[in-house]
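Fold and geometry: a report
Chain residues, written in single-letter form:
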Amino acid sequence: MPSPKAKNSATRSGGGSPGLSGSTNGNGRYEFMSLNRTLPPTLFRQGSDPTATARLRASESPTRRRGSGSSSSSNTGMPEEDCMRLNPSFIGIALSSLLAIDLWLSKRLGVCACEDSSWGSIRPLMKLIEISGHGIPWLVGTAYCLYNADSAAGQEIMFNLFMALILDLILVGIVKAVVRRRRPSHNRMDMFAATSVDRYSFPSGHATRSTMCARFLLAHLVLAAPMRVLVILWSGLVGLSRVLLGRHNVTDVLFGFLMGYCQYNLVEMLWVSSLGMQGLLGLIQG
Ligand SMILES: CC(C)=CCC/C(C)=C/COP(=O)(O)O
């Protein structure tokens, strides 16, 4: 997070027009530093030449002092280098702020995280919604429908839904293993049938699955309008329940919605036709 103190003191000591550059101190915290700090007299004398002044400003820069910024900008004139240092700082500060808001909001919304939380009485209902978006009931239900489907079209749809559910588990597992974001500290890890990668929270697997399945059902089943609305509501509720139960931060769920939405596009691209399905089954049976 930015340190206003550092910013103020640096600005106070500096002269000329304002120009700020970000850097991290030894503790990895962001600090602002004026690019136009009062320079030693020798530097001022050379400051009459704008290019030389810019070069000297850069040699005073935090990056230089850390010893990492040896990139020469002699052919471009230094302002470009200054801008490059400003951008990462800005992105870093924006990300840190977003994460801080995310953690704060998620903690406030985790009102069913345990029985004695403020909305602890509806925790059983939230856990029911959790089960409705869990991978196992969806896999078992789809396999059952696939086995009992009495038409080639029905089989094709159920086969592709089954493959989509497997694809979702794989993709979410990969992202969780790469990002390794811990679940919120207020979460109680009492989830049914969680795998080892499910100790990580980014993205929410329930959110990806509910979004992907909702899109799948809306596209491939003939549903009356109220049912279509219910499917969309259910998908949103599954995501919301993740935050209320304290299982996830808000950004885990939002990214999960986005990822599930995109996953459905992938499923459509990889769609296996009845013919392809027969081929695949023949291949498996040898
Ligand atoms: C074991 C199987 C088939 C699925 C695991 C389902 C599960 C527990 C996902 C975690 O979801 P969140 O990331 O939303 O907590």
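All chains use their own residue numbering, which begins from 1 and follows the written sequence. Note on the predicted model: pLDDT of at least 70 is required for a residue's local features to be given, and 80 or more for side-chain atom pairs to be given and counted; whole-chain, interface and lining totals, by contrast, use all residues.

The next point concerns the overall build of the protein chain. Helix and strand assignments follow DSSP, with helices taken as H or I runs no shorter than four residues and strands as E runs no shorter than two, numbered in order from the N terminus. Each helix and strand in the protein chain was counted, giving 12 helices and two strands. Counting from the amino terminus, the protein chain carries its helices and strands in the arrangement α-β-β-α-α-α-α-α-α-α-α-α-α-α. Across the 286 residues in the protein chain, those meeting the buried criterion constitute 28%. Intrachain contacts of the protein chain at a sequence separation of at least 6 include 65% that bridge at least 24 residues. Using C-beta atoms placed from the backbone, we call a residue buried if 20 or more other C-beta atoms fall within 10 Å of its own, exposed if 12 or fewer do, and partly exposed for counts in between. Whether two residues are in contact depends on their C-beta atoms, placed from the backbone: they are in contact if these lie within 7 Å.

According to UniProt, the positions carrying the feature "domain: Phosphatidic acid phosphatase type 2/haloperoxidase" (unreviewed entry) are residues 157–268. Across residues 157–268 one finds 70% helix and 0% strand; the C-alpha atoms that close the span lie 11 Å apart. UniProt positions are given in the numbering used here, feature names are shortened, and annotations may be inferred rather than shown by experiment.

Turning next to the site of the ligand. As a rule, any residue with its backbone-derived C-beta atom within 6 Å of a molecule or strand is reported as near that molecule or strand. Around the ligand sit 15 residues in total, of which Gly135, Ala194, Ser204, Gly205 and His206 are the nearest. With three residues, the top contributor of residues to the shell around the ligand is helix α7 (residues 135–148). Charged residues are taken to be Asp, Glu, Lys and Arg, nonpolar residues to be Ala, Val, Leu, Ile, Met, Phe, Trp, Tyr, Cys and Pro, and polar residues to be all remaining types, Gly included. A breakdown of the residues in the shell around the ligand according to their chemical character gives six nonpolar, six polar and three charged.

Interface size, as often reported, equals the accessible area lost upon joining of the parts. Taken domain by domain, the protein chain holds domain 1 (4–109) and domain 2 (120–285). Listed per partner, the contact involves six residues of domain 1 and seven residues of domain 2. Across the side of domain 1 that touches domain 2, the residue classes tally to three nonpolar, one polar and two charged. An automatic or database domain assignment supplies the residue ranges for each domain.

Attention now goes to the UniProt feature "transmembrane region" (unreviewed entry) in the protein chain. The positions that UniProt labels "transmembrane region" (unreviewed entry) are, in the present scheme, residues 157–179, 216–244 and 264–284. Here residues 157–179 runs as 100% helix and 0% strand, with 32 Å between its end C-alpha atoms. In residues 216–244, the share of helix is 86% and the share of strand is 0%. The end C-alpha atoms are 26 Å apart.

Our focus in this paragraph is the confidence of the model for the protein chain. Low pLDDT means the predicted coordinates in that region are not meant to be read closely. On a scale of 0 to 100, pLDDT captures the predictor's confidence in every residue. Here the protein chain shows a mean pLDDT of 79. Residues at 70 or above account for 69%. Segment residues 1–77 is flagged for pLDDT under 50; beyond a separation of four residues in sequence, or across chains, it makes 95 contacts in the model. The ipTM, which scores confidence in the relative placement of chains, is 0.97 for this predicted complex, and the corresponding pTM is 0.71.

The next thing to look at is helix α11 (residues 250–269). Every α-helix winds through 3.6 residues per turn, so residues three or four apart in the chain are directed the same way. The span expected for a helix works out to 1.5 Å for each residue beyond the first. Here α11 spans 29 Å end to end across 20 residues, near enough to the 28 Å set by a 1.5 Å rise per residue. When α11 is considered as a whole, its buried residues turn out to be Val250, Thr251, Asp252, Val253, Gly256, Phe257, Met259, Gly260, Gln263, Tyr264 and Val267.

Relative to the helices and strands, valine 179 is located in helix α8 (residues 152–179). With 23 residues separating them along the chain, valine 179 and phenylalanine 202 place their C-alpha atoms 6.8 Å apart. Residues in contact with valine 179, not counting those within four places in the same chain, are Tyr200 and Phe202.

Let's shift gears to the packing of α8 against helix α9 (residues 205–220). Put simply, α8 and α9 touch, their axes get as near as 10 Å, and they point 160° apart. The angle between α8 and α9 places the two elements in the roughly antiparallel class. Handedness of the α8/α9 crossing: right-handed. Packed against α8, whose contacting residues are Ile157, Leu161, Ala164, Asp168 and Val172, the element α9 presents Gly205, Thr208, Arg209, Met212, Phe216 and His220 at the interface. When the residues that make up the contact of α8 with α9 are grouped by side-chain class, the tally is six nonpolar, three polar and two charged. Between N-to-C directions, angles span 0 to 180 degrees; the directions come from axes that are lines fitted to C-alpha atoms, helices contributing only their stretch in contact. Every angle not falling under 35 degrees, over 145, or within 65 to 115 is termed oblique; those three ranges are roughly parallel, roughly antiparallel and roughly perpendicular. A crossing counts as left-handed when the near helix is turned anticlockwise from the far one by less than a right angle, and as right-handed when that turn is clockwise.

So, on to the environment of isoleucine 232. With respect to the element layout, isoleucine 232 can be found in helix α10 (residues 225–244). It is 39 Å that separates the C-alpha atoms of isoleucine 232 and serine 89, two residues lying 143 residues apart in sequence.

In this section: α10. For α10, which comprises 20 residues, the first-to-last C-alpha distance of 28 Å matches the rise-based estimate of 28 Å (1.5 Å per residue) to within 8%. Ser235, Val238, Gly239, Ser241, Arg242, Val243 and Leu244 are the residues of α10 that are buried. Residue glycine 246 follows α10 closely and has a positive phi angle near 80°.

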